[in-house]
Amino acid sequence: MPAPGPFDPADGVVQLTGLTKHFGPVRAVDDLTCTVQPGRVTGFLGPNGAGKTTTLRLLLGLATPNAGTATIGGRPYRARRQPARHVGAALEAASFHPGRTARDHLRVYAPQVGVPESRADEVLAQVGLSDAADRRAGGFSLGMRQRLALATTLLGDPQVLLLDEPANGLDPEGIAWLRHFLRWLAEQGRTVLVSSHVLSEVEQTVDDVIIIARGRLVHASSLTQLEALARPAVRVVSPDVEGLAALVQEQGWAPATRFDGPGSATVYDRRAAEVGAAAFGRGLQLHELATADTSLEALFLQLTADPQPGAAPPTGGSPGMTPPSATAPAGGQR
Amino acid sequence: MIAALRTELRKVSTTRTWWLLALVMGVYMVAMAVIMAGSFVLAMRQAEASGEPADISGGLGGGMAAPLDATTVATSVYTLAVALGYIIPAILGALVVTTEFRHRTITPTLLAEPRRGLVLGAKLVAVIPFALVVALAGVVGTVVGGAATLAIFGEPTLLADPEIQGIIARQVLALVLWALVGVGFGSVLTNQVAAIVVLLAFTQFVEPLLRILLAQFDATEAASKFLPGAAGEAIAGSSLYVSSGLAQLLEVWQGALVLLGYAVLLVVIGRLTTFRRDIG
């Protein structure tokens, strides 16, 4: 349980409402509505090109939306003076002048962020880069760049952290370190949003997930609720179309079965042996009987896959789907 | 504004660009001054020996050129910084903006200070002290190289002449204004390589050609004075082009206003384009 931090939770709520951004005919972000809660690590997930970075840019006032609003603690980013003291954001791991040392990079931004220069050494120590403080960033490995990018976001000791693909380029040890670090930050009551295109990368880190694909929200829930959606399933193919339909009916599987085509079905919450035995008992010839991939990653791929008519995953009625309207409005305090 | 200024000053001071450019400026100007001073002195000697009157353009000026005497030689050599070297402070100014886009540091910059006009304004002010160093390197290089060469040949250096001193000193102002023009130009054309190439092409090729062409016709001659290079030379009060009869200049204050006008115009365009668009 998060310890009561010095932060007002209302100031940490990130709220996107109907956020839309077009690039020519492409809707990079399409009517996106969701809420990020303080005191939790939220994974902002989607395949490459889903609109994650664009969404963050809109949220941070670097780009202007065509419609909708994005607020942090009830206010647009650009409406704040010294916003980096409230929101720390890293959009690219390579936003450094290669000729500048790590310490100088941080010293450059300290005045604008609104903190004393001594913060530079503090945040370098926090991310484990103290030994590299006087080295030029141009010679940094991708992992070190990620740490320096993170250090930059921490300069203003912000309540809200927005990190774009922070685990990219980190070795397993670095990922484990990042996981603990982000947890520690969230436990202090901070809002932590991490984007990623691989669910497995953040699976052990996040409390909540927001999944987008093609600029649209496809899923928002706690990780636990998402995991509940990853149900075991069996894929079965038979040349006897009617026989297969009858089998599903007789066994009472109909509510948990998706017909992928004539003579092809996916049966949820059953094991392959069970389905095979039932088919054998009915004398139904099978051409295929296979256990479907039930990993969270497979579910993620399914959720973010291009829509195919008739092949929608049966997520209806699941507890995971958060209707956008049900999210709490961001506090307008301050 | 103070915080933004401190950040922008540190951005320049923590990289090597500014002193490398100052070094290039100094070496370039010493070399050019030595070459030009040497050539003029030799041309003078030749003319004296043959008994024919010589002018500084070697005939290019069409009879408009000043006679090749000690004053013409001194002013032509000592103003090389503003006649040729101004490309260096202009590049310094452009780099202040284009580096941010090249290395994508514009993102953390605008995250720390979302008021984009303020960021651009801070860049304009922050470039001044570094431009001053570059300008001094160029002017000192020109004077040292030129005067030393003249002295070696036994010609008068004319450094004690207050008018020449004024010309030398005013070049510093012109070169600093060129850095501001560079900032404006970089804010309009943020691609670093393109910005440097266009600056080089315009200052070293397009403008000199334009000045010579415009000066050929009465109708366009006045316009040539308003070109940025000519405005910079007007601040100094003289230049190789003038001595050669290839150009006429505005008054000192007019030149300063015109060059500053270019800087302001470019910054405004940059603010309304680059700094209004989506970043990234």
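Preceding this paragraph is the structure being described.
Residues numbered from 1 in each chain as written. Chains lettered and ligands numbered in written order. Predicted model: local features only at pLDDT ≥ 70, side-chain atom pairs only at ≥ 80, totals over all residues.

Observations regarding the sheet that holds strand β4 (residues 67-72) of chain A
Residues and elements named next belong to chain A. Heads up, the rule is: Only when DSSP finds a minimum of two bridges between them are two strands counted as paired. By the criteria applied, helices consist of DSSP H or I runs no shorter than four residues and strands consist of E runs no shorter than two, each listed in order from the N terminus. Here an angle of 0 to 180 degrees is reported between the N-to-C directions of two axes, which are lines fitted to C-alpha atoms, with helices fitted over the stretch in contact.
Here we have three strands laid out as an open sheet, ordered β2-β1-β4, and antiparallel in their pairing. At either end of the open sheet lies a strand with only one pairing partner, and these are β2 (26-36) and β4. Neighbour-to-neighbour, the strand axes of the sheet open up by a mean angle of 20°, direction not taken into account. One ladder, built from seven bridges, connects strand β1 (residues 14-23) with β2; its direction is antiparallel. In the strand pairing of β2, K21 is matched with V29.

Concerning the sheet that holds strand β13 (residues 288-291) of chain A
Residue and element names in this part refer to chain A. Under the convention used in this document: Remark: residues whose backbone-derived C-beta atoms lie within 7 Å of one another are considered to be in contact.
Taken together, four strands build an open sheet; the order of strands is β11-β12-β10-β13 and the sheet is antiparallel. The outermost strands of the open sheet, each flanked by one partner alone, are β11 (257-261) and β13. Within this sheet the neighbouring strands show an average axis-to-axis angle of 20°, counted without direction. Against the sheet, helix α9 (residues 272-282) contacts β10 (233-237), β12 (264-268) and β13, and its axis sits at roughly 160° relative to β13.

Details of the packing of helix α5 (residues 87-102) of chain B against helix α8 (residues 162-188) of chain B
The geometry of a pair of packed helices is captured by two quantities: the angle between their axes and the separation between those axes. Residue and element names in this part refer to chain B. Basically, it comes down to this: Handedness of a crossing is defined here by the sense of rotation of the near helix relative to the far one, left-handed for an anticlockwise turn of less than a right angle and right-handed for a clockwise turn. Following the grouping adopted for this structure description, the nonpolar residues are Ala, Val, Leu, Ile, Met, Phe, Trp, Tyr, Cys and Pro, the charged ones are Asp, Glu, Lys and Arg, and the polar ones are all others, Gly among them.
Between α5 and α8, the shortest axis-to-axis distance is 6 Å and the interhelical angle comes to 35°. As for how α5 packs across α8, the hand of that crossing is right-handed. For the pair formed by α5 and α8, the contact residues are P89, A90, I91, L92, G93, A94, L95, V96, V97 and T98 on the first element and L175, V176, W178, A179, L180, V181, G182, V183, F185, G186 and S187 on the second. The residue makeup of the contact of α5 with α8, split by class, is 16 nonpolar, five polar and no charged.

Observations concerning the pairing of strand β9 (residues 216-222) of chain A
Residues in a regular strand point their side chains to alternate faces of the sheet. Bridge count for strand β8 (residues 208-213) of chain A against β9 of chain A is six bridges, and the pairing is antiparallel. Following the sheet pairing, I211 of chain A is matched in β9 of chain A by H219 of chain A.

Observations concerning helix α4 (residues 142-154) of chain A
Where we set the bar: Multiplying one less than the number of residues by 1.5 Å gives the expected span of a helix. Around each residue's C-beta, the other C-beta atoms within 10 Å are counted; 20 or more make the residue buried, 12 or fewer make it exposed, and counts in between make it partly exposed. All C-beta atoms are placed from the backbone.
Compared with an ideal rise of 1.5 Å per residue, which puts 13 residues at 18 Å, α4 of chain A spans 18 Å between its outermost C-alpha atoms and is within 8% of the ideal. With eleven of 13 residues buried, α4 of chain A lies mostly within the body of the structure. Here α4 of chain A has its buried residues at M144, R145, Q146, R147, L148, A149, L150, A151, T152, T153 and L154 of chain A. Tucked into the core, α4 of chain A has its buried residues touching β5 (87-90), α2 (102-113), α3 (119-126) and β6 (160-164) of chain A together with α6 (106-112) of chain B.

Brief notes about unusual backbone geometry
Working note: non-glycine residues mostly have negative phi, and peptide bonds are mostly trans. Of note in the backbone geometry, D31 of chain A takes a positive phi value of approximately 50° without being a glycine. In this fold, D31 of chain A is placed in strand β2. Positive phi, close to 60°, is recorded for R104 of chain B, a residue that is not glycine. Of note, R104 of chain B is situated in the loop between α5 and α6.

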